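Report on the structure
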Amino acid sequence: MKSSPRHVGLALAIATASVHASAQQATPAASTNESPDARATRLIAAMTLDEKISLLHGHFPRMMRVLPADVAPSGGYFPGVPRLGIPALRETDASLGVAENGASGNDATALPSGMSLAATWNPDIARRGGTMVAKQTRQRGYNILLAGGVNLTRDIYNGRNFEYLGEDPLLAGRIAGASIAGIQSQHIASTVKHFILNAQETGRHVVDAQIGEAALRESDLLAFEFAIEDGSPASVMCAYNKVNGRYACENPDLLSGILRKDWGYKGWVMSDWGAVHSVAAANMGLDQESGQELDKDVYFGAPLKAAVLSGMVPQARVDEMVHRLLRSLFAVGAIDPQASLGAVDVDGDNPVALAASEAGIVVLKNDANILPLGANAGRVAVIGGHADIGVLSGGGSSQVIPYGSVRLTAPSGYPESVKGPVYHPSAPLGAIKRRAKGEVRFDAGTDIASAVAIAKQADVAIVFVEQWAVEGVDVSPRLSGKQEALISAVAAANRKTIVVMETGGAVLTPWRNKVSGLVAAWYPGGQGGEAIARILFGEVNPSGRLPVTFPDSLDQLPRTSPAGLDLNPVQPRRFWESKSFSVDYKEGASVGYRWFAENNYKPAYPFGFGLSYTTFSYSDLAVVSSRPLKLALTIKNSGSRTGEATAQLYLQRAPQRIQQRLLGWAKASLQPGEARRVEISVDSRLLANWDVRRHRWRIASGAYLINAGDDANDKSLTVRAMLASTTIRP
Ligand code: BGC
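Residues numbered from 1 in each chain as written. Predicted model: local features only at pLDDT ≥ 70, side-chain atom pairs only at ≥ 80, totals over all residues. Heavy atoms only, no water.

As a further point, take the overall build of the chain. Along the chain, the regular secondary structure elements total 17 helices and 29 strands. Scaling as 2.2 N^0.38, a compact globule of 730 residues should have a C-alpha radius of gyration of about 27 Å, and the chain matches this with 25 Å. Dimensions of the chain, computed from C-alpha atoms along their principal axes, come out at roughly 75 × 65 × 50 Å. The long-range share in the chain, meaning contacts at least 24 apart out of those at least 6 apart in sequence, stands at 75%. Working note: accessible area of the chain is about 25400 Å², and carbon and sulfur atoms make up 51% of it. Averaging the positions of the 73 positive and the 68 negative side-chain charges in the chain gives two centres separated by 3 Å. (Helix = DSSP H or I, 4+ residues; strand = E, 2+ residues; numbered from the N terminus. Rg over C-alpha atoms; globule rule 2.2 N^0.38 Å. Contact = heavy atoms within 4.5 Å. Areas by Shrake-Rupley, 256 points an atom, 1.4 Å probe, with all protein chains shown as cover. Lys, Arg positive; Asp, Glu negative; His and termini not counted. Charge placed at Lys NZ, Arg CZ, Asp CG, Glu CD.)

Take a look at the structure:
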């Protein structure tokens, strides 16, 4: 295993921490049998105001003028309070692996993107991924993981869609919750982020997201609500943007009203890096300032102390901020001594990434069963997408760079600060060569004529196309450069053309009718090439389902380009210099497939869609109970291979206006001919509207039309459920 000097530094820090742990017995922070709250209360009683304040504002190590010897240039650092036995708080990004922001490479295992994880529709895979990443996080000496991104995909062009979990609150919330639970099972504190409506990167520090309360409760907030219920994250990270006129990190409606009063959340609210604008934020629900080097002032440092001394911020409020932090760290065991996990074992952990990547790949088109490629695939032409060097990954704070990755220079048009795309070291070309019986030839795809020449001589052509996304910049939904022309030309030269897409999320596919096979591999992570080849050659039967709608054209979408792009064509280096603007989320809670249903638009590929190498049939949809609502249906493998079905339940019509909604799903792995009866329980909030006036969920009495099937547009099986009028308190 390679080990960078910085890694050695951190390993030393871990050693010091464990020595420290044994000495900790005598300190007030030492672990006891008391509840996390009682421990926090006792500890706070022993702290000076300066010590409290030192826990409330932290560094962005990459920007520290002098980097302490035991600090890696990663996400965040707070020195701790050694006198009381409170160790340093060390934070790293994020959900997709240990991304040591600023390091050129490490021995982390790279999971596939969040979008890919959502495409598994499998919380168990998310839990295993979270557990693995947290284990490596702890092995590297950190105690807080800045994971848990769950912003809904409202716009196809959001540059961070790849980090998030698609367009549906139930799917996204359940996957995020499972991943967070996995992380915290390893005594690493996790966040859920970015609270809330950080739904585009253009002008993210200034954009004012406009939306009504009911719409927000029934969409983005619901995703956070599910994630918090399932995962109990130690922290919530508030977002850069404004929501209805107030910065998300100083928004009492969100931070005090919804999060604390309605949801009873006990953890601490940390800011995003550079998202704090005033010391007054302390009185508006923000508990901790992160990445202080990025703010105009260290608001929660000297200004907070002065504000406490002047009475502007009550002493009791500072105690509450520290209490939320400490009790949550104790609850997870994040700063208590834990058994050593030894060194990172990349080979041992890679299978977790491989399984996730395979389960997230979605086969969208398979004309004449061109897939799987059998032993008789013959000569194969592999074209484009840098398939010879690796698989694409998303950039920014979540970027994981396992050793062996290749970084190319950024295409023109990106801000200078943006480093180029990273290819994870799992080249599809090599993986295909290891499986194909006939000759495999590669062409980079930059010269269309030469790509066409090898396609003509091959029995099958596989074109790899890519869409690179990086935090801070929104993306085009069209494949860039000559890629669309390349697909058309290759498909014209070889009838058997398969396109494999490595993209952040949905893209436009105007060329799809020309090709025989189409595979969405997203950013498939450190085992991606292998996973793609295993799907193409049928070693794995695909089971991934779309977590986002693929539109047929841009004019089907609520917005066709990023709001504010005209004002802010490039993110300014000093973000507060962005020009302000607002975005009107006119679709309200009708995000993604809900919007398509409401407007009767036919997408290219609907939400929930994905092919298998076998076929499934669904029957006997029935209501098992109506309060709470539970339904059952029978899933049968009607094809000739073992495969995994994802039966989905959608609400189609309700007595009062309600959008189409995903109500639940069931996965079943079935052998040919095998049938299974499955039950799906429905969370009542998905049947309800948020009643703003009475401040609660309300289910209207009457008939609810529900359908089950293979995707959001499959209405073959329908049942009517009669529900009584009910209200649900938040
Ligand atoms: C991102 C966060 C991230 C933080 C620390 C911010 O720019 O929005 O998601 O956790 O940086 O790297």
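Around the ligand, 13 residues are found, and the nearest of them are Asp93, Arg160, His194, Tyr240 and Asp272. His194 places a polar side-chain atom, nitrogen or oxygen, 2.7 Å from an oxygen atom of the ligand. Calculation on the ligand without its partners gives an accessible area of 310 Å², and the protein chains cover 95% of this total. Here the ligand is seated within the largest pocket. Partitioning the shell around the ligand into residue classes produces four nonpolar, three polar and six charged. (Near = heavy atom within 4 Å. Polar contact = N/O pair within 3.5 Å; in protein donor to acceptor, adjacent residues only side chain to side chain. 1 Å grid on protein atoms, 1.4 Å probe; cavity = no way out; pocket = protein on both sides within 12 Å on 5 of 7 lines; lining within 4 Å. Sits in = over half its atoms within 2 Å of the grid points. Nonpolar A, V, L, I, M, F, W, Y, C, P; charged D, E, K, R; others polar.)

You can see Gly114 is positioned in helix α4 (residues 114-119). For Gly114, a relative accessible area of 2% translates into the label buried. Sequence-wise, Gly114 and Leu165 are 51 residues apart; in three dimensions their C-alpha atoms are separated by 5.4 Å. Once residues lying within four places of it in the same chain are set aside, the contact partners of Gly114 are Leu96, Phe162, Glu163, Tyr164 and Leu165. (Buried < 20%, exposed > 50% of the residue type's maximum accessible area, 1.4 Å probe, protein only.)

Two packed helices can be described by the angle between their axes and the distance between those axes. Where helix α2 (residues 36-45) meets helix α11 (residues 315-332), the closest approach of the two axes is 8 Å, and the angle between their N-to-C directions is 135°. By the criterion of interaxial angle, the relationship of α2 to α11 is oblique. When you trace α2 past α11, the crossing you get is right-handed. In this structure, α2 uses Pro36, Asp37, Arg39, Ala40, Thr41, Leu43 and Ile44 to contact α11, whose residues at the interface are Asp319, Val322, His323, Leu326, Arg327, Phe330 and Ala331. Its residues assigned to classes, the contact of α2 with α11 shows eight nonpolar, two polar and four charged. (Axes fitted to C-alpha atoms, helices over the stretch in contact; angles between N-to-C directions. Parallel < 35°, antiparallel > 145°, perpendicular 65-115°, else oblique. Left-handed = near helix turned anticlockwise from the far one by under 90°.)

Before going further, it helps to spend a moment on empty space enclosed by the protein. For the structure shown, the criterion picks out six cavities of 30 Å³ or more. In this structure, the largest cavity spans a volume of roughly 180 Å³. What lines the largest cavity is a set of 19 residues, among which Thr153, Arg154, Ile156, Glu167 and Leu557 lie closest to the centre. Its residues assigned to classes, the lining of the largest cavity shows nine nonpolar, six polar and four charged. (Points joined across faces, edges and corners; volume = space filled by probe spheres on them.)

Let's shift gears to the sheet that holds strand β22 (residues 643-653). Taken together, the four strands give an open sheet; going across it, the order is β23-β22-β27-β28, and neighbouring strands pair in antiparallel fashion. Looking at which strands have only one partner, the edges of the open sheet turn out to be β23 (661-670) and β28 (717-723). The average undirected angle you get between the axes of adjacent strands in this sheet is 25°. Direction of pairing for strand β27 (residues 702-709) relative to β28: antiparallel, over a ladder of seven bridges. Following the sheet pairing, Ala703 is matched in β28 by Met722. (Pairing = 2+ DSSP bridges.)

Another aspect to go through is the pattern of salt bridges. All told, the structure shown has 44 salt bridges when counted by the stated rule. Glu530 is paired through a salt bridge with Arg435; the nearest N and O atoms lie 2.7 Å apart. Within this pair, whereas Glu530 is found in helix α16 (residues 528-536), its partner Arg435 is found in the loop between α13 (428-433) and β15 (440-443), the two being separated by 95 residues in sequence. Judged by its relative accessible area of 16%, Arg435 falls in the buried class. Through salt bridges that share partners, Glu358, Arg434, Arg435, Glu530, Arg534 and Glu539 make up one connected network. (Salt bridge = Lys/Arg side-chain N within 4 Å of Asp/Glu carboxyl O.)

Here we take up the nonpolar core. One finds Ile86, Phe195, Leu304 and Leu326 to be the most contacted residues of the largest nonpolar core, which totals 139 residues. When residues of this core are assigned to their parent elements, the largest contribution, eight residues, is made by α11. In contact with Phe195, other than residues within four places in its own chain, are Leu221, Phe224, Val236, Met237, Cys238, Ala239, Ala248, Leu254, Leu255, Leu259 and Trp263. Formed by 40 residues, the second largest nonpolar core is a distinct cluster that contains Ile383, Val465, Ile487 and Val548. (Core = buried A, V, L, I, M, F, W, Y, C linked by side-chain atoms within 4.5 Å.)

Our next topic: the state of the cysteines. Evaluation of the coordinates by the stated rule reveals one disulfide. A sulfur-sulfur separation of 2.1 Å characterises the disulfide bridge that pairs Cys238 with Cys249. Here the disulfide of Cys238 and Cys249 is right-handed, its torsion about the S-S bond being about 110°. You can see Cys238 sitting in strand β6 (residues 235-238) and its partner Cys249 sitting in the loop between β8 (246-247) and α9 (252-262), a full 11 residues away along the chain. With respect to burial, Cys238 and Cys249 carry one shared label: buried. (Disulfide = S-S within 2.5 Å.)

With respect to the helices, strands and loops of the structure, Thr191 is situated in strand β4 (residues 189-195). At a separation of 2.4 Å, a polar atom in the side chain of Thr191 contacts the main-chain carbonyl oxygen of Ala147. Those residues in contact with Thr191, other than ones at most four positions away along the chain, are Leu145, Leu146, Ala147, Gly148, Ile180, Pro233, Ser235 and Met270.

It is worth spelling out the layout of surface pockets at this point. Roughly 1400 Å³ of volume is contained in the largest pocket. Contributing to the lining of the largest pocket are 48 residues, with Phe60, Arg62, Arg204, Ser417 and Glu471 lying nearest its centre. A per-class count over the lining of the largest pocket returns 18 nonpolar, 16 polar and 14 charged.

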